[in-house]
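Chain by chain, the residues run as shown.
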Amino acid sequence: MKIPEALSKLFGRKKARAPPSIDRDVVLGLVPIRNPAIEWRRYKSGEVAIIVTVKRRGLMARIDKGEKKKKIILDKMGSHVWNLCDGEHTFGDIVEDLVKTYKMHRREAELSLASYFDTLMKKGLISFIPGKLSTLRERGEVKQETPQT
Amino acid sequence: MVFKTFGWNGFELKVPKDWDMSIDRGGFDKGYIRLDGLKFPRLEVSWEQYKEDKVKPLNDIVEAAKKHLRKKDKNVRFIGKDRSIRIYRHPAKRIRWRIDGDEGYLIIWYCDKSQRLYRLQIFFKQDEYWSFKNVITEILKSFKCHVGGNLYTWTALDFTLKLPKIFRLEHRIYKVGKIALLFESKDSAIFINRIGMANVVLSEKYDDDLRKLLEEEHLPDIRKRFKIPKFKRVRRFSDERHEGFIMTTSYKSGIFMPKEFFVKTRVWTCEPSNKIYAVTMVIRKGSEAEKMRSRLERLLFSICP
């Protein structure tokens, strides 16, 4: 090791590691799937309501130890996307669907969908699998049937 | 490959249809834009105004650019000799660089008509060079660094408009589903709003009331800059594909020597594109005002596809 390199290793600031970049094609091929443990229902209007269990915090948690159920009602577009998160549509398929259904620009559709999925992921409502559920079942990579709501 | 015309801040070029602007900085005198393809960045254009006698020789600029590239990445390699080419009849220098599997063309030239120094960069993968070559040729062949006539083209995503050269882009908002552009000249201003997913936005947020949308989405942005009062006259209009309102008013600005401005807003839904367009013109009243108003109306009220 050269002296300047050694010095910089000793005294230099550690560079923040850049997050690994993922190829766009890989992302478009991912399949979003709803968390099977999540309770949700579809109204006649087409809107989807997701029932989330929230743990009480602070003083309320001392008084009432039970859990609180919270209902999240998705808007028309959010519900439409939620219905497509059945493990049979890839990210790319859903983008195509939004472009066709809502006449969105492709870039706008990709961006808004990515940010929506990010929110759903953070809340633990969806997850991504590497291929379509039916294909994975055929390959024997998924054994259990996901419960239908 | 299908190409489209892209115009911004006084220049025009042809790019593949799926390339769109992803970064836009600066203004008319000095600026930068980047166009991305579906997978990665494809094109960069930066421009800066210089008087002809202040511009350094092209060779010096190219050397400085090479030095900058070397500083940025030690692995950069320059392929072949620097070539002298012509862009829209101006002498230009072209260098080709390679960093691992990525390649790029850097072209630098000075346009004496617009008094701007241009720096154009095109990116491609090493293995796609031969399939990509016709795209590079088309871009270089079609690049107009100074545009003739009286109009400039402005392209933002799927939205293109032509405006008189006196207008400069002063403010822009790019959000998912919304593009807002404010152009200003000495005596007039144009504010354009394009809102996507019209059927969802209108029904879910504004109870299908276009005027409510106008009050909450379009006018607040303009009222930050102009003292637009309530509209005095409102007229409804509709044709086969469009439905909306035309609203007019006027206001005075200034205490000692007040200037009078005429304001016209047209808001409409375009069913085929599922978009809402709102256009507001603010024109100072005067001898040329009527001519300008009718010219802008012709250009702006038919912007939707």
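All residue numbers refer to position in the chain's written sequence, counted from 1. Note on labels: chains are lettered from A, ligands numbered from 1, in written order. Where local features are concerned, this predicted model is filtered to residues with pLDDT of at least 70; where side-chain atom pairs are given and counted, the filter is 80 or more; whole-chain, interface and lining totals use all residues.

**Student:** Is there a simple way to explain the overall build of chain B in this structure?
**Tutor:** Of the regular secondary structure elements, chain B holds five helices and 18 strands. If one aligns the C-alpha atoms of chain B with their principal axes, the spans along those axes are about 65 × 45 × 30 Å. Looking at chain B alone, contacts between residues at least 24 apart form 43% of all its contacts between residues at least 6 apart. The helix count covers DSSP runs of H or I at least four residues long, the strand count covers runs of E at least two residues long, and both are numbered beginning at the N terminus. Contact definition: two residues whose C-beta atoms, as placed from backbone geometry, lie within 7 Å.

**Student:** Would you take a moment to explain the interface of chain A and chain B for this structure?
**Tutor:** How large an interface is tends to be reported as the accessible area lost when its parts come together. With 12 residues of chain A at the interface, the matching set in chain B holds 12 residues. Put simply, the parts of the chain that give the side of chain A that touches chain B at least two residues each are α4 (76–84) and α6 (106–122) of chain A. With four residues, the single largest contributor to the side of chain A that touches chain B is α6(A). Classification used: nonpolar for Ala, Val, Leu, Ile, Met, Phe, Trp, Tyr, Cys and Pro, charged for Asp, Glu, Lys and Arg, polar for all others including Gly. Per-class residue counts for the side of chain A that touches chain B are four nonpolar, two polar and six charged.

**Student:** Got a minute to help me understand the domain arrangement of chain B in this structure?
**Tutor:** Residues and elements named next belong to chain B. Structurally, chain B comprises domain 1 (3–142) and domain 2 (151–300). Boundary definitions for the domains trace back to an automatic or database domain assignment. Here the C-alpha centroids of domain 1 and domain 2 sit 34 Å apart. Contacts between domain 1 and domain 2 engage 12 residues on the former and nine residues on the latter. Put simply, the parts of the chain that give the side of domain 1 that touches domain 2 at least two residues each are β1 (3–8) and β3 (20–26). Tallying contributions element by element places β1 first for the side of domain 1 that touches domain 2, with four residues. Grouping the amino acids of the side of domain 1 that touches domain 2 by side-chain chemistry returns four nonpolar, five polar and three charged.

**Student:** Would you mind showing me how to read helix α2 (residues 129–142) of chain B here?
**Tutor:** Side chains that are three or four residues apart share a direction in an α-helix, a result of its 3.6 residues per turn. All names here are of chain B. Its 14 residues place the ends of α2 19 Å apart at the C-alpha level, agreeing with the 20 Å of an ideal helix rising 1.5 Å per residue. Comment: burial labels come from other C-beta atoms within 10 Å of the residue's own C-beta, placed from the backbone, where a count of 20 or more is buried, 12 or fewer is exposed, and between is partly exposed. Of the positions making up α2, those classed as buried are Val 135, Ile 139 and Leu 140. Buried residues belonging to α2 abut β2 (11–16), β5 (41–49), β6 (77–87) and β9 (116–125). A helix is expected to span 1.5 Å multiplied by its residue count minus one.

**Student:** Looking at this model, I keep getting lost on the packing of helix α5 (residues 91–102) of chain A against α6(A). Mind explaining?
**Tutor:** For any two helices packed against each other, the geometry comes down to the angle between their axes and how far apart the axes lie. All names here are of chain A. Throughout, an axis means a line fitted to C-alpha atoms (over the contacting stretch in the case of helices), and angles, computed between N-to-C directions, take values from 0 to 180 degrees. Running from N to C, α5 and α6 point in directions that differ by 125°, and their axes come no closer than 9 Å. Considered as vectors, α5 and α6 are oriented oblique to each other. As α5 packs across α6, the resulting crossing turns out to be right-handed. Touching Ile 94, Val 95, Leu 98 and Val 99 of α5 are Arg 106, Ala 109, Glu 110 and Leu 113, all from α6. Considering only residue class, the contact of α5 with α6 consists of six nonpolar, no polar and two charged. For classification purposes, an angle smaller than 35 degrees is called roughly parallel, one larger than 145 roughly antiparallel, one from 65 to 115 roughly perpendicular, and anything else oblique. Take the far helix as the reference: if the near one is turned anticlockwise from it by less than a right angle, the crossing is left-handed, and if turned clockwise, right-handed.

**Student:** Teacher, can you tell me more about the environment of B:Ala198 here?
**Tutor:** All names here are of chain B. Secondary-structure assignment places Ala 198 in helix α3 (residues 198–205). Residues Ala 198 and Lys 275, 77 residues apart in the sequence, show an inter-C-alpha distance of 4.8 Å. Here Ala 198 is in contact with Thr 269, Asn 274, Lys 275 and Ile 276, once residues within four sequence places are set aside.

**Student:** Looking at this structure, how should I read the sheet that holds strand β18 (residues 275–284) of chain B?
**Tutor:** Consider a sheet: its strands pair through backbone hydrogen bonds, and that pairing is either parallel or antiparallel. Residue and element names in this part refer to chain B. Two strands pair if DSSP finds at least two bridges between them. With respect to topology, seven strands assemble into an open sheet ordered β12-β13-β14-β18-β17-β16-β15, the strand pairing being antiparallel. In the strand order of this sheet, the two ends are held by β12 (168–175) and β15 (233–238), each with one partner. Neighbour-to-neighbour, the strand axes of this sheet turn through a mean angle of 10°, independent of strand direction. Here β12 runs beside strand β13 (residues 178–184); their pairing, made up of seven bridges, is antiparallel. The residue of β13 that forms the bridge with Arg 172 is Leu 181. Each of β13, β14 (188–195), β16 (242–253), β17 (259–270) and β18 touches helix α4 (residues 210–223); the most contacted strand, β14, lies at about 130° to it. Contacts from helix α5 (residues 289–300) reach β14, β17 and β18 within the one sheet, and its direction differs from that of β18 by about 165°.

**Student:** Is there a simple way to explain the confidence of the model for chain A in this structure?
**Tutor:** Reading predicted coordinates in detail is not appropriate for stretches of low pLDDT. In predicted models, pLDDT denotes the confidence assigned by the predictor to each residue on a 0 to 100 scale. Mean pLDDT over chain A stands at 83; residues scoring 70 or higher make up 81%. By mean pLDDT, the top-scoring element of chain A is strand β1 (residues 31–34) of chain A (95), and the lowest-scoring one is helix α1 (residues 3–11) of chain A (64).

**Student:** I would appreciate a short explanation of unusual backbone geometry in the present structure.
**Tutor:** For residues that are not glycine, phi is negative in most cases, and the peptide bond is trans in most cases. Residue and element names in this part refer to chain B. One non-glycine residue, Asp 100, adopts positive backbone phi at about 50°. Even without being glycine, Leu 157 reaches a positive phi, approximately 50°. The residue Leu 157 is located in the loop between β10 (151–156) and β11 (159–164) in this model.

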